[in-house]
Amino acid sequence: MSNVRAMRSAEQIHQRIESEDHLMHPRGGATAGSTGPDLLVLLAQSGQGTLRRRLRDALHDAIRSGRLPPGSRLPSSRALAADLGVSRGVAVDAYAQLSAEGFLVSRPGSGTVVADTGGQVLEHTASVQGGPAVSGQAPQEIDLRPGPPDLSTFPRTTWAKAIRDVLRTVSDADLGYMPPWGVDTLCERLTEYLGRVRGVRTNPSLVVVATGATQGITLLARVLHGAGVVDIAVEAPSNPVQRQVLGRYGVRVWDVQIDDEGLVVDVLAQTPCRAVIVTPGHQYPCGMVMSASRRGALMRWADRVDGLVIEDDYDAVFRHDKMQVGAVQMLSPARVALVGSVSKSLAPGLRLGWVVSPPGLVGDLRMAKRDDDFGTGVLEQYALARLMETGEYDRHVRRLRRHYRKRRDIIVHALRRELPDAVIEGYAAGLHLLVRLPPDVGEERFIAAAEAQGVALLGTLRMYGTLPPQPCVVIGYGRTSSTMLEEAARRLGAALAAVRQTKPPTRSARDGQAATQRRPSTAVDYF
Ligand SMILES: Cc1ncc(COP(=O)(O)O)c(C=O)c1O
């Protein structure tokens, strides 16, 4: 499915489906060529429920009538959506509903198959997807924890073509042990791209290709610790994984508060630190963009203490509102190590990122990378270089910006409506925003109430070290469809009401409740 089609609004798809012939054969016309088993899907006429419901009913009828006997393999949700010209979410939701009802089962490796019910007739509940739970059945889970982007936007065809082109053109020698800090061609393309898009001032000899921003920070922590830097500051709150990484290398981690301009540099200056990790493009998790005056102050601090700023530029390429804001690195390339990755723009699973090093650190950093893993996979490096060379990467990011901005607008609007006395902020860039809860609503109780409504949220309690946390939740909206974002906001409104209707539990009751409410999560939680 092309990205353009994937990003078409639900309304447009709906209108198109309703005006079209309703007997669609997936292998026909423009959609031919999708992978997966062939399947005729007979959608009911418009006016008989939403597209989601009609698709679910059509699959259900095919199963009940025996046209799809037990064990029949269904196309992947991606292939079905592509074949029918509907958004992937519609197909995913239909499969999820039928799985919850026992008609389908998902098997690792063999996809989705029709369940063997042993002749037993299952009741088709025909609930509206995303609506309230049907009796006795949990509502579909909506995972709003930040982290992965919308993985259905991964440009599979473009990536496959880039890999093919690479395999056709690289020499045998190019597949050998290449420079562990990255192949020349990618270091060159990254230099151009980051200069053009983020204002980064560097040259290819200062770029170290890593397996992600996380490896970049890990390598920097090791190099700094080796150089005797044992005190490193982080923003409070900040990414807990990074705190753990620093801790593992014996670094003393200092919490420095942030305000609406970003890290408070005056407070940083009171610590013994000579290095700090910051997220100036889109603070994680609070989402503010570091102001120009703070950027200047940060660089003056770095000069004064002969220090290093580690700039985690993880998602700032998705700037939604104002003009693009460049990287802090451009102010002082000798004082800043910028780390970034394609984890938000392509997929975290590629494990492909970079460090733009100050000249003084690059030798040690290259050696640290060599010691760690002898380099990142070269095929992927060449493929990314190719995407950058051909302009495909720029086009993809531009499309994604529109895609995420639309979701951002929907969730901000819906949250303002459903949680009128919470403060919604930090949404000018990236794929997440912050909800500051009303003073009478505790973070843990709200998260538990949301969980009871089938919505997974991430709080910020674990993102502080020594400073007192503020009751907030982080909402990642990137990978949830517009319809489900609306539904999620409604459920969060209900969760807020539920928290307010119940007295805070006693400590022992709370512990017991938390244990029983914790559901096995389908998403892997590494954060
Ligand atoms: C603050 C922050 N930095 C960086 C990353 C990305 O890490 P990586 O590039 O290693 O996938 C994330 C991932 O969600 C993040 O939250």
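Residues numbered from 1 in each chain as written. Predicted model: local features only at pLDDT ≥ 70, side-chain atom pairs only at ≥ 80, totals over all residues. Heavy atoms only, no water.

Engineer: Let's hear about the overall build of the protein: which residues, and what values?
Structural biologist: Within the protein, the regular secondary structure consists of 17 helices and 18 strands. Split into buried and exposed, the 527 residues of the protein put 53% on the buried side. Long-range contacts, defined as pairs at least 24 residues apart, comprise 73% of the intrachain contacts of the protein with a sequence gap of at least 6. In the form shown here, the protein has an accessible surface area of approximately 23000 Å², with 53% of it arising from carbon and sulfur atoms. (Helix = DSSP H or I, 4+ residues; strand = E, 2+ residues; numbered from the N terminus. Buried < 20%, exposed > 50% of the residue type's maximum accessible area, 1.4 Å probe, protein only. Contact = heavy atoms within 4.5 Å. Areas by Shrake-Rupley, 256 points an atom, 1.4 Å probe, with all protein chains shown as cover.)

Engineer: Would you mind going over unusual backbone geometry in detail, with residue names and values included?
Structural biologist: Glycine aside, negative phi is the norm for most residues, and most peptide bonds take the trans geometry. With omega at 5°, the peptide bond leading from Ala236 into Pro237 counts as cis. Cis rather than trans, the peptide bond between Tyr284 and Pro285 has omega equal to 10°. Looking at where Pro285 falls in the secondary structure, it is placed in the loop between strand E10 (275-278) and helix H11 (292-305). Backbone geometry at Asp306 places phi at a positive 55°, although glycine is not the residue there. Within the secondary structure, Asp306 sits in the loop between H11 and strand E11 (308-312).

Engineer: Describe the site of the ligand, naming the residues involved and giving the relevant values.
Structural biologist: Close to the ligand lie 13 residues; Ala213, Thr214, Asp312, Ser341 and Ser343 are nearest. With respect to the ligand, the side chain of Asp312 contributes an N or O atom lying 2.6 Å from a nitrogen atom. For the ligand, whose accessible area on its own is 400 Å², the fraction buried by protein is 94%. In terms of residue class, the shell around the ligand is built from four nonpolar, six polar and three charged. (Near = heavy atom within 4 Å. Polar contact = N/O pair within 3.5 Å; in protein donor to acceptor, adjacent residues only side chain to side chain. Nonpolar A, V, L, I, M, F, W, Y, C, P; charged D, E, K, R; others polar.)

Engineer: Describe the sheet that holds E10, with residues and values.
Structural biologist: The strand order E6-E13-E12-E11-E10-E7-E8-E9 describes an open sheet built from eight strands, whose pairing is mixed. The open sheet is flanked by strand E6 (207-210) and strand E9 (262-263), the only strands paired with a single partner. Pairing of strand E8 (residues 252-259) with E9, which is carried by two bridges, proceeds in the antiparallel orientation. Across the sheet, the residue bridging to Asp259 is Gly262, located in E9. Packed on one face of the sheet, helix H7 (residues 184-198) meets E6 and strand E13 (353-356) and runs near 105° to E6. Relative to E6, helix H12 (residues 362-373) is tilted by about 20°, and along the sheet it contacts E6 and E13. (Pairing = 2+ DSSP bridges. Axes fitted to C-alpha atoms, helices over the stretch in contact; angles between N-to-C directions.)

Engineer: I'd like a description of the pattern of salt bridges, backed by residues and values.
Structural biologist: With the rule as written, the count across this model stands at 32 salt bridges. Linking Arg53 and Asp57 is a salt bridge whose minimum nitrogen-to-oxygen distance equals 3.9 Å. With a gap of four residues between them, Arg53 and Asp57 both fall in helix H3 (residues 51-64), about one helical turn apart. On the basis of relative accessibility, which here comes to 21%, the residue Asp57 falls in the partly exposed class. Between Glu487 and Arg490 there is a salt bridge, with the nearest N and O atoms lying 3.3 Å from each other. Here Arg490 and Glu487 lie together in helix H16 (residues 482-501), a separation of three residues that amounts to about one turn. Using a relative accessible area of 41% as the deciding quantity, one classes Arg490 as partly exposed. Residues joined by salt bridges that share partners form a network here, namely Lys161, Asp165, Arg168, Glu188, Arg189, Glu192, Arg386 and Glu389. (Salt bridge = Lys/Arg side-chain N within 4 Å of Asp/Glu carboxyl O.)

Engineer: Break down the packing of aromatic side chains for me, with residues and values.
Structural biologist: Taken as a whole and assessed by the stated rule, the structure comprises five aromatic pairs. Seen in terms of ring centroids, Tyr177 and Phe374 are 5.5 Å apart; in terms of plane orientation they differ by 75°. Their pairing is edge-to-face. With a gap of 197 residues between them, Tyr177 in the loop between helix H6 (156-169) and H7 and Phe374 in the loop between H12 and helix H13 (378-390) connect regions that are remote in the sequence. Seen from their ring centres, Tyr193 and Tyr393 are 5.1 Å apart, and the 80° between their planes marks the pair as edge-to-face. With Tyr193 in helix H7 and Tyr393 in helix H14 (residues 392-418), the pair connects residues that are 200 residues apart, well separated along the chain. Take Tyr193 and Tyr393: they sit in the same class, and that class is buried. (Phe/Tyr/Trp six-rings, centres within 6.5 Å; stacked < 30°, edge-to-face > 60°.)

Engineer: Let's hear about the environment of Glu235: which residues, and what values?
Structural biologist: Inspection of the secondary structure puts Glu235 in strand E7 (residues 231-236). For Glu235, a relative accessible area of 2% translates into the label buried. If sequence neighbours within four positions are ignored, Glu235 has contacts with Arg243, Val256, Ile258, Leu263, Ile277, Val278, Thr279 and Gln283.

Engineer: So what's going on with the packing of H7 against H13? Which residues, and what values?
Structural biologist: At a minimum axis distance of 9 Å, the contact between H7 and H13 shows a crossing angle of 40°. Here H7 is positioned oblique relative to H13, judged by the angle of their axes. By crossing handedness, the relation of H7 to H13 is classed as left-handed. Side by side, H7 and H13 meet where Thr185, Leu186, Arg189, Leu190 and Tyr193 of the first sit next to Gln381, Tyr382, Leu384, Ala385, Met388 and Glu389 of the second. (Parallel < 35°, antiparallel > 145°, perpendicular 65-115°, else oblique. Left-handed = near helix turned anticlockwise from the far one by under 90°.)

Engineer: Tell me about the pairing of E11, and please be specific about residues and values.
Structural biologist: In summary, the side chains of a regular strand alternate between the two faces of the sheet. Where burial is concerned, most of E11 is hidden: five out of the five residues are buried. The side-chain alternation of E11 yields two buried faces, one formed by Leu308, Ile310 and Asp312 and the other by Val309 and Glu311. Note that E10 and E11 share four bridges and pair parallel. Bridge assignment links Ala275 to a residue of E11, and that residue is Leu308. Examined bridge by bridge, E11 and strand E12 (residues 336-341) share four bridges and lie parallel to one another. If you follow Glu311 over to E12, its bridge partner there is Leu338.

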